[in-house]
Amino acid sequence: MSVLTVCPYCGTGCQIVVNEQGTEERVTGYSRSPVNAGKLCIKGYSGLSYNFSRDRLKHPMIKRDGEFVRASWKEALDETADRLLEIIKQYGPDSIAFQASAKCTNEENYLMQKIARVVGTNNVDHCARSCHSPTALGLITTLGAGAATGSIESLSASRTYFVIGSNTTEQHPIIGTKLVTERKKGKNLVVADPRRTQLAELATIHLQFNPGTDVALLDSIMYVILEEHLEDEKFISDRTEGFPEFRKAIDKHSPEITEGITGIKPEELRRAARLIARDRPTSILYAMGITQHIHGTENVMSVSNLALLTGNIGVRGSGIFPLRGQNNVQGSSDMGVLSEWYPGYVPVDSPRVERFEKLWNKRLPRNKGLALSEMFDAAAEGRVKAIYVMGENPLVTEASVSDVETAIHNLELFVVQDIFMTLTAGEADIVLPASTSLEKEGTFTNTERRIQKVNAVYPSPGEAKPDWWILNEIGKRISGIQGYESPREIFEEIRQAIPGYAGATYENIYPTGKQWPINAENPEGTEILHTKTFPLGRAKFVPVVYAPPAESVDEKYDMIMTTGRNYFHYHSGTMSRRTDILERESPEPYVEINAVDARRLGIRNSQTVTVESRHGTIRTKARITEKVPPGIVFVPFHYDESRVNRLVGKQVDKLSKIPEFKVVAVRVFA
Ligand code: SF4
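A brief report on the enclosed structure follows. (Residues numbered from 1 in each chain as written. Predicted model: local features only at pLDDT ≥ 70, side-chain atom pairs only at ≥ 80, totals over all residues. Heavy atoms only, no water.)

## Quick look at the overall build of the protein
Then, in step 1: Scanning the protein from N- to C-terminus turns up 23 helices and 28 strands.
Then, in step 2: Its C-alpha atoms give the protein a radius of gyration of 24 Å, within 12% of the compact-globule value 26 Å for 670 residues.
Then, in step 3: The principal-axis extent of the C-alpha atoms belonging to the protein is close to 70 × 65 × 50 Å.
Then, in step 4: Contacts spanning at least 24 positions in sequence make up 74% of the contacts within the protein whose residues lie at least 6 apart.
Then, in step 5: Looking at charge distribution, the protein has the averaged site of its 80 positive side-chain charges lying 3 Å from that of its 83 negative ones. (Helix = DSSP H or I, 4+ residues; strand = E, 2+ residues; numbered from the N terminus. Rg over C-alpha atoms; globule rule 2.2 N^0.38 Å. Contact = heavy atoms within 4.5 Å. Lys, Arg positive; Asp, Glu negative; His and termini not counted. Charge placed at Lys NZ, Arg CZ, Asp CG, Glu CD.)

## Quick word on the pairing of strand S6 (residues 96–99)
The side chains of a regular strand alternate between both faces of the sheet.
Then, in step 1: Across the two faces of S6 the burial is the same, with Ile96 and Phe98 and Ala97 and Gln99 all buried.
Then, in step 2: Relative to strand S16 (residues 386–390), S6 runs parallel, the two being bridged by four bridges. What sits directly across from Gln99, in S16, is Val389.
Then, in step 3: Bridge count between S6 and strand S7 (residues 124–125): two bridges; the pairing is parallel. Bridge pairing in S7 links Gln99 to Asp125. (Buried < 20%, exposed > 50% of the residue type's maximum accessible area, 1.4 Å probe, protein only. Pairing = 2+ DSSP bridges.)

## Describing the site of the ligand
Then, in step 1: Every residue close to the ligand is listed here: Cys7, Tyr9, Cys10, Thr12, Gly13, Cys14, Leu40, Cys41, Lys43, Gly44, Pro173 and Ile174.
Then, in step 2: Sorting the residues of the shell around the ligand by element identifies helix H1 (42–46) and helix H6 (173–184) as the ones contributing at least two each.
Then, in step 3: Of the residues in the shell around the ligand, the class split is eight nonpolar, three polar and one charged. (Near = heavy atom within 4 Å. Nonpolar A, V, L, I, M, F, W, Y, C, P; charged D, E, K, R; others polar.)

## Concerning the sheet that holds S7
Then, in step 1: Reading across the sheet, the seven strands line up as S5-S4-S18-S17-S16-S6-S7 and stay open at both edges, with mixed pairing between neighbours. Of all strands in the sheet, those with a lone pairing partner are strand S5 (67–70) and S7, marking the two edges.
Then, in step 2: Note: strand S4 (residues 61–64) against S5, four bridges, orientation antiparallel. Within the sheet, the bridge partner assigned to Lys63 lies in S5 and is Phe68.
Then, in step 3: Strands in contact with helix H2 (residues 73–91) are S4, S6, S16, strand S17 (413–418) and strand S18 (430–433); relative to S18, the strand with the most contacts, it is inclined by about 130 degrees.
Then, in step 4: Contacts from helix H20 (residues 467–478) reach S6, S16, S17 and S18 within the one sheet, and its direction differs from that of S16 by about 155 degrees. (Axes fitted to C-alpha atoms, helices over the stretch in contact; angles between N-to-C directions.)

See below:
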């Protein structure tokens, strides 16, 4: 039997065909998919065996006297609900918090936020807070929609690609392959990245700028465009507002002035600016190298300013592409598992919340809830008494994990619903075993807004249940919702809740998905956004002025560490590290360090070293490489035996609340 579904890893959302043969699964890329046209990366081809891992959680468990004891579903659900209700009764609804997951389906995320809000709290958030919350906020502010403006397929129509803060060939390999193919055809590729990535090696120009200086770099590119009159005057006058104020802010950022900040030679920067502005259409692609900063939202708005200045919005081959990390970051954000937005990005304090009050027949909270990072602070302070986590591993992925540990220990109730006994699940009072996305039905929305059908290939092991089923049972017990019979029934409600999803059905999105908005005016979905008008009428230029990152080097902490992913693993490694082929390729944590620094510090390749920041210490293997320049080290965050987020401090972007994972002052020693 063959089943068509979606790869469970990155936000590219490749469609896979799984031929089930017991546990010997065979996977191929779906040849008709507009996303991947039959291609897959190693995670798509060889990354599914975690489904059959012996470590899978198979039964609910409740901790008694410090030990997990097997429980029945009824016992676990009743105890979870009773304890949550008791806490709400005693301390009020804002004493509980929910963490949803971009690994779960739209239906599951929608259900989790509905339960939270019907119970009376907006304390519901998820991992997009730590990856693309600046994208949602930044692009909603400037364009009116926090999403990619084009399609993956439309990238073929670009003449120039500007990739900033994205290691695309390793992190979104199918999109990366497309860029490499187009580059080999002679298209222009400008890569701005502190690391010499594979894509940077192929680039027409590699701007190897200093970490955390994105705004200075982008502003000086725009300075050159204005200085040389390369802006799109017609687009600016017909379709935007705020240009004079923006122009004034740019005046302070000549390449000669910013060279001291970014480290980029003015002539190099001028060449890049000319390619981006002259050889259009240009697509701008970015990932967490742009967002994971204390100025993450300003970085995104600066990217948007560049697209508007050059008229690179609304036509095929142009546009802004925020590359989403997890497979359903776009969808879970659309579903409203963000503490400041109801589904469809309706602000919690907007009169439009009435739509949900009618739909859910309940008066709903209008105050901003706690963002992910704030939930743990509130738990440490005793304001939040219970946290319910679905499919996430914050003890590996959150900044300042030592503080997260302390916060969890201060809770009266900690519930984790997951597929494995992760580091985080090990700290729970109650563990609820969940199905993987290969074992359930629903939808994911990929990085280009494509709503795709997810289908069950395998049965769940033991008594594991789909997340929507577990939430449904909890919701009936604590929020009085009437419950759902199937994910399809939840999706039908999503169509009523979110106008952009109104025209999508399980039938018409099959087999190749459709890009939102899909509605009466756009029954086939919408490939390119903003072709004639913006949701705001006109797009907004927002003046952004450079400010330095939170941390800088000093005599003791003399290097900058940046964190990220590698090709073989994914996020906290929960799935990829239980997949033999992926684990074999990258079995242990490491720090990338330049040979110049290694020599200076007396460090040999593969030697175990200490990386110490102002916040913590880890031990890991040194990997000497030219990928990082002198003065910068890179550490991937997949490895729970050497958690790099021990080194990351609590500084967050004041607008989006994303922590600054990309700039941490460290020292490295043998
Ligand atoms: Fe899966 Fe992403 Fe690889 Fe596609 S590019 S196969 S979605 S991990």
